[in-house]
Amino acid sequence: ITQHIGAYQIVRKNKIITFIDTPGHEAFTAMRSRGAKVADIAILVVAADDGVKPQTVEACHIIEAAKIPFLVAINKIDKPEANIDKTKQELSTVLNITPEDWGGKTICVPISAREGTGIEELLDMVLLVADTEASSMKANPKAEAAGTVIESNMDKGAGPVATILVQSGVLNRGDVLLA
């Protein structure tokens, strides 16, 4: 269970995708909100065996407040009790999210994080949303580096450590940071 914000990068089709992983548990509302404020695209993850839960509703409200495009990953499709159609029905009735394959505008990708099923399709959909929303993206590689500290802690061996998401520009080794 994620209990802190993490940032990770992957390369897909020669494009870098940076993920900000925020906790899904309802006790971590502030962290999810902070993650949404620095994101260009959100992935709302809903478990196919649990469906829409209070934290799903709250995460959806955070995404809407941040006014960022999003898609839905319907996770845990490998579980015997998974019900993708029931999950889509709950998305539609509880959150007013109509899946694309039901005539709506929201991309919903069934995945199994455990088995790796659907992950490539999810990444392709993230790139598709990024391409269609390119004009609203915050990043500008030619600008001075600017970013947000998304998490910090004291490490016994390294001292103060911060995870910084560079949102615009390029940060190079030896650059001076102002906080």
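In the block above lies the structure referred to throughout.
Undergrad: Pulling in residues and values, what's your account of a nonpolar patch on the surface?
TA: On the surface, Val 149, Ile 164, Val 166, Leu 171 and Leu 177 cluster together into a nonpolar patch covering about 390 Å² of accessible area. Summarising the element assignment, Ile 164 is placed in strand β7 (residues 159-168). Judged by its relative accessible area of 37%, Ile 164 falls in the partly exposed class.

Undergrad: Describe the sheet that holds strand β5 (residues 108-110), naming the residues involved and giving the relevant values.
TA: With respect to topology, three strands assemble into an open sheet ordered β3-β4-β5, the strand pairing being parallel. Whereas interior strands pair on both sides, the edge strands pair on one side only; in this sheet they are β3 (42-47) and β5. Along the sheet, successive strands turn relative to each other by an average axial angle of 25°, direction set aside. This element, helix α2 (residues 54-66), spans β3 and β4 (70-75) of the sheet and lies at about 170° to β3.

Undergrad: Now, about unusual backbone geometry: what can you tell me, with residues and values included?
TA: Notably, Lys 67 is not glycine yet its phi reads approximately 55°, a positive angle. Structurally, the position occupied by Lys 67 is in the loop between α2 and β4. According to the relative accessible area criterion, Lys 67 is exposed, its value standing at 75%. One non-glycine residue, Lys 76, lies in the positive phi region at around 65°. Of note, Lys 76 is situated in the loop between β4 and α3 (84-95). Lys 76 gets classed as partly exposed once you look at its relative accessible area, which sits at 32%.

Undergrad: Explain the pattern of salt bridges residue by residue, including any values.
TA: Considering all chains together, one arrives at eight salt bridges under this definition. In this structure, Glu 81 engages Lys 79 in a salt bridge whose closest nitrogen and oxygen atoms are separated by 3.8 Å. Assessed through its relative accessible area of 46%, Glu 81 is described here as partly exposed. A salt bridge links Lys 86 to Glu 90; the nearest nitrogen and oxygen atoms lie 3.0 Å apart. One end of the pair is Lys 86 and the other is Glu 90, both in helix α3 and four residues apart, which spans about a single turn. A residue is classified by how much of its surface remains accessible, and Lys 86, at 47% relative accessible area, is partly exposed. The exposure class assigned to Glu 90 is buried, which follows from its relative accessible area of 18%.

Rules used throughout
- Residues numbered from 1 in each chain as written.
- Predicted model: local features only at pLDDT ≥ 70, side-chain atom pairs only at ≥ 80, totals over all residues.
- Heavy atoms only, no water.
- Patch = residues over 30% accessible without salt bridge, like charges linked within 9 Å, V, L, I, M, F, W, Y side chains within 5 Å.
- Areas by Shrake-Rupley, 256 points an atom, 1.4 Å probe, with all protein chains shown as cover.
- Salt bridge = Lys/Arg side-chain N within 4 Å of Asp/Glu carboxyl O.
- Helix = DSSP H or I, 4+ residues; strand = E, 2+ residues; numbered from the N terminus.
- Buried < 20%, exposed > 50% of the residue type's maximum accessible area, 1.4 Å probe, protein only.
- Pairing = 2+ DSSP bridges.
- Axes fitted to C-alpha atoms, helices over the stretch in contact; angles between N-to-C directions.
- Contact = heavy atoms within 4.5 Å.

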